[in-house]
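Coordinate analysis (summary)
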Amino acid sequence: TTVDEALEEVHAIMSLGRNFWAYAYMRTLYSKNLDLYYATLLAKPATLLPVVYTPTVGEACQKFGKLPFQRRGCYISLNERGNIKSVLE
């Protein structure tokens, strides 16, 4: 996939009126090809920053657990509050 192809795909998704799905596309791009993700973002920052950041990221945060993506980082349940050290061991 080239930057032009990625832009064409994300613009097609955005034309459906659902920036959340454009966010999901960009997130997939981020997971698969970090260089292409940033090159695409830098090619059209005025268009894509609202997709990958405010306001769309708010909806993405609300639906994060339902997104079918590879998780990054460490997630600890609120039920484990006070036991973080034992969870990480």
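Presented here is an overview of the structure given in this document. These figures come from a predicted structure and were not determined experimentally.

**Observations regarding the packing of helix H1 (residues 3-14) against helix H3 (residues 34-43)**
Contact pair H1 / H3: the axes reach a minimum separation of 9 Å and the direction vectors enclose 70°. Taken together, the axis directions place H1 and H3 in an arrangement best described as roughly perpendicular. The two elements H1 and H3 meet at a crossing, and its hand is right-handed. Touching Val3, Ala6 and Leu7 of H1 are Leu36, Ala39, Thr40 and Ala43, all from H3. Class assignment of the residues belonging to the contact of H1 with H3 gives a composition of 6 nonpolar, 1 polar and no charged.

**A look at the packing of H1 against helix H2 (residues 19-32)**
Contact geometry for H1 and H2: axes closest at 8 Å, N-to-C directions at 155°. On the basis of the axis angle, H1 is roughly antiparallel to H2. Across the interface between the two elements, Ala6, Glu9, Val10, Ile13 and Met14 of H1 pack against Asn19, Trp21, Ala22, Tyr25, Met26 and Leu29 of H2.

The rules behind the values
- Residues numbered from 1 in each chain as written.
- Predicted model: local features only at pLDDT ≥ 70, side-chain atom pairs only at ≥ 80, totals over all residues.
- Heavy atoms only, no water.
- Axes fitted to C-alpha atoms, helices over the stretch in contact; angles between N-to-C directions.
- Helix = DSSP H or I, 4+ residues; strand = E, 2+ residues; numbered from the N terminus.
- Parallel < 35°, antiparallel > 145°, perpendicular 65-115°, else oblique.
- Left-handed = near helix turned anticlockwise from the far one by under 90°.
- Contact = heavy atoms within 4.5 Å.
- Nonpolar A, V, L, I, M, F, W, Y, C, P; charged D, E, K, R; others polar.

Structural measurements only, silent on function.
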